[in-house]
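Here are the chains, one letter per residue:
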Amino acid sequence: MSAAGASGDGSRLAGTAGLVLLAMLWGTMVPTITHLLQTWDPLFLAALRYLGGGPALLPALWILGRGAGSAKHVPAWRIALLGTVGIGGYAGLYTLGVAHSNPVTAAILSAASPAVATVTDRVIFGRKLDRRMVPGLVLAMSGCVLATVDVTRAGSPFDLRGGEILILTAFACWSWYSTAAQRWLEGWSQLRISGVTMTVGGIALTIVYLILAAFGGLAFPPPLPVTGFDWLLLVWLVIALVAFGVLLWNFGVKRSGVVTASLYLNLTPIVAILILALGGTAPNLQQIAGGAMVVLGILWAELATLRKPAVAPAGIDEAPGL
């Protein structure tokens, strides 16, 4: 094997290892947020998550972002919209959704985000759905229904608490952001896109939080963490899951491509459910079966695109991280 080939294989292996690590990290997102919501308001936690994560990328931007100054000028309103609707809408709605959902259901719903992305791309950007993906998407949606229905419950058979629609709407915001950012900020590095929009989103969420707090709708000032473990989880959320997670995502996408990278992220609900089980929120057999259907369905849909030898449009072959 040539030195160039060995180097290429090593780079691909490093990218794969990074994506596996990323799936494990982001699998802790729902359990981490669920625990921290016992202390903090969902809106404050959402603001803190990205207001801290954006500036945390500044050292990496300084080290790796050389040449970013040559990127084309972008109107301020586009950056503001990406930050407020894309990042702010996603973070705020997702955190509120987790606060008002069964944590196991919230974890399973995260695997359905590609289906939401398909609908969002079709409605907003006019992208046509590859028909070979349909069986996988139907299987994933059926799995979500199976995981949330409980025929033994009195009244409604679904263990729905209102937050599920917020989570799905959050995924729609994220899907729009991921595509719009690549189109509007063409020429920017992925690191710069993520750092700038995350910071703008965090500022927007903070403003909303302060306005609501001023009118007495939310507690202010927010309480300090109760235990050292709460501090550790907070640092974990901001640094590991947001800032470091973005770097791992871009690292893996650069070496494996966004479609292959997305396959690994389908492991996140499995990790989340296992962690929730260790914390006492054990899934039942029906939820496990539904979760398995979701993962298999998404894998089918993603592999269908891998079998299609198409070249991705310029500027859309990579996506910024969560």
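The following paragraphs examine the structure supplied in this document. (Residues numbered from 1 in each chain as written. Predicted model: local features only at pLDDT ≥ 70, side-chain atom pairs only at ≥ 80, totals over all residues. Heavy atoms only, no water.)

**Here we look at helix α3 (residues 42-56)**
Given 3.6 residues to a turn, an α-helix orients residues that are three or four positions apart in the same direction.
Reasoning step 1: For α3, built from 15 residues, the straight-helix expectation of 21 Å at 1.5 Å per residue is met to within 8% by its first-to-last C-alpha distance of 21 Å.
Reasoning step 2: Listed as buried for α3 are Pro42, Leu43, Phe44, Leu45, Ala46, Ala47, Arg49, Tyr50, Gly53 and Gly54. (Helix = DSSP H or I, 4+ residues; strand = E, 2+ residues; numbered from the N terminus. Expected span 1.5 Å × (residues − 1). Buried < 20%, exposed > 50% of the residue type's maximum accessible area, 1.4 Å probe, protein only.)

**Quick notes on the nonpolar core**
Here is a general trend for soluble globular proteins: nonpolar side chains tend to be buried in one another's company.
Reasoning step 1: Grouped together as the largest cluster of nonpolar side chains are 70 residues, with contacts concentrated most on Ile33, Leu45, Leu82, Tyr90, Tyr94, Val98 and Tyr177.
Reasoning step 2: Ranked by residues supplied to this core, first place goes to helix α9 (residues 163-184) with 10 residues.
Reasoning step 3: Ala115, Met133, Leu137 and Ala304 belong to the second largest nonpolar core, which has five residues in total. (Core = buried A, V, L, I, M, F, W, Y, C linked by side-chain atoms within 4.5 Å.)

**Some words on the environment of Thr197**
Reasoning step 1: Tracing the backbone through its elements, the reader meets Thr197 in helix α10 (residues 190-214).
Reasoning step 2: Sequence-wise, Thr197 and Tyr177 are 20 residues apart; in three dimensions their C-alpha atoms are separated by 9.6 Å.
Reasoning step 3: The residues contacting Thr197, other than those within four sequence positions of it, are Leu82, Gly83, Ile87, Tyr177 and Leu185.
Reasoning step 4: Here the side chain of Thr197 touches Ile193 through a polar contact of 2.6 Å, landing on its backbone oxygen.
Reasoning step 5: There is a polar contact of 3.4 Å between the side chain of Thr197 and the backbone oxygen of Ser194. (Contact = heavy atoms within 4.5 Å. Polar contact = N/O pair within 3.5 Å; in protein donor to acceptor, adjacent residues only side chain to side chain.)

**Quick look at the packing of helix α7 (residues 113-125) against α9**
Reasoning step 1: Following both chains from N to C, one finds α7 and α9 inclined at 55 degrees, their axes separated by 8 Å at the closest point. The angle between α7 and α9 falls in the class oblique. In terms of crossing hand, the pair formed by α7 and α9 is right-handed. Together, Ser113, Val116, Ala117, Thr120, Asp121, Ile124 and Phe125 of α7 and Leu168, Phe171, Ala172, Ser175, Trp176, Thr179, Ala180 and Arg183 of α9 make up the contact between the two elements.
Reasoning step 2: Across the contact of α7 with α9, the residue classes tally to nine nonpolar, four polar and two charged. (Axes fitted to C-alpha atoms, helices over the stretch in contact; angles between N-to-C directions. Parallel < 35°, antiparallel > 145°, perpendicular 65-115°, else oblique. Left-handed = near helix turned anticlockwise from the far one by under 90°. Nonpolar A, V, L, I, M, F, W, Y, C, P; charged D, E, K, R; others polar.)

**A look at the packing of aromatic side chains**
Reasoning step 1: For the structure shown, the criterion picks out nine aromatic pairs.
Reasoning step 2: Look at Tyr90 and Trp174: their rings are 5.3 Å apart centre to centre, the planes differ by 45 degrees, and that puts the pair in the tilted class. With Tyr90 in helix α5 (residues 76-99) and Trp174 in helix α9, the pair connects residues that are 84 residues apart, well separated along the chain. The burial state of Tyr90 is the same as that of Trp174; both residues are buried.
Reasoning step 3: For the pair Trp176 and Trp184, a centre-to-centre distance of 5.8 Å together with 80 degrees between the ring planes defines the contact as edge-to-face. Here Trp176 matches Trp184 in class, with each residue buried. (Phe/Tyr/Trp six-rings, centres within 6.5 Å; stacked < 30°, edge-to-face > 60°.)

**Examining a nonpolar patch on the surface**
Reasoning step 1: A cluster of nonpolar side chains, contributed by Leu51, Ile203, Ile207, Ile211 and Phe215, occupies part of the molecular surface with about 500 Å² of accessible area.
Reasoning step 2: The dominant element in the nonpolar patch, judged by the number of residues it contributes, is α10, at three residues.
Reasoning step 3: Turning to its location among the elements, Phe215 is positioned in the loop between α10 and α11 (228-256).
Reasoning step 4: Residue Phe215 is classed as exposed on the basis of its relative accessible area of 74%. (Patch = residues over 30% accessible without salt bridge, like charges linked within 9 Å, V, L, I, M, F, W, Y side chains within 5 Å. Areas by Shrake-Rupley, 256 points an atom, 1.4 Å probe, with all protein chains shown as cover. Salt bridge = Lys/Arg side-chain N within 4 Å of Asp/Glu carboxyl O.)

**Remarks on the environment of Thr34**
Reasoning step 1: Secondary-structure assignment places Thr34 in helix α2 (residues 29-36).
Reasoning step 2: In the structure, Thr34 is positioned 66 residues away from His100 in sequence and 9.9 Å away in space, judged by C-alpha atoms.
Reasoning step 3: Here the side chain of Thr34 touches Val30 through a polar contact of 2.7 Å, landing on its backbone oxygen.

**Considerations on the side chain of Ser101**
Reasoning step 1: Along the chain, Ser101 falls in the loop between α5 and α6 (103-109).
Reasoning step 2: Among the polar contacts listed, one links the side chain of Ser101 to the backbone nitrogen of Glu164, at a separation of 3.4 Å.

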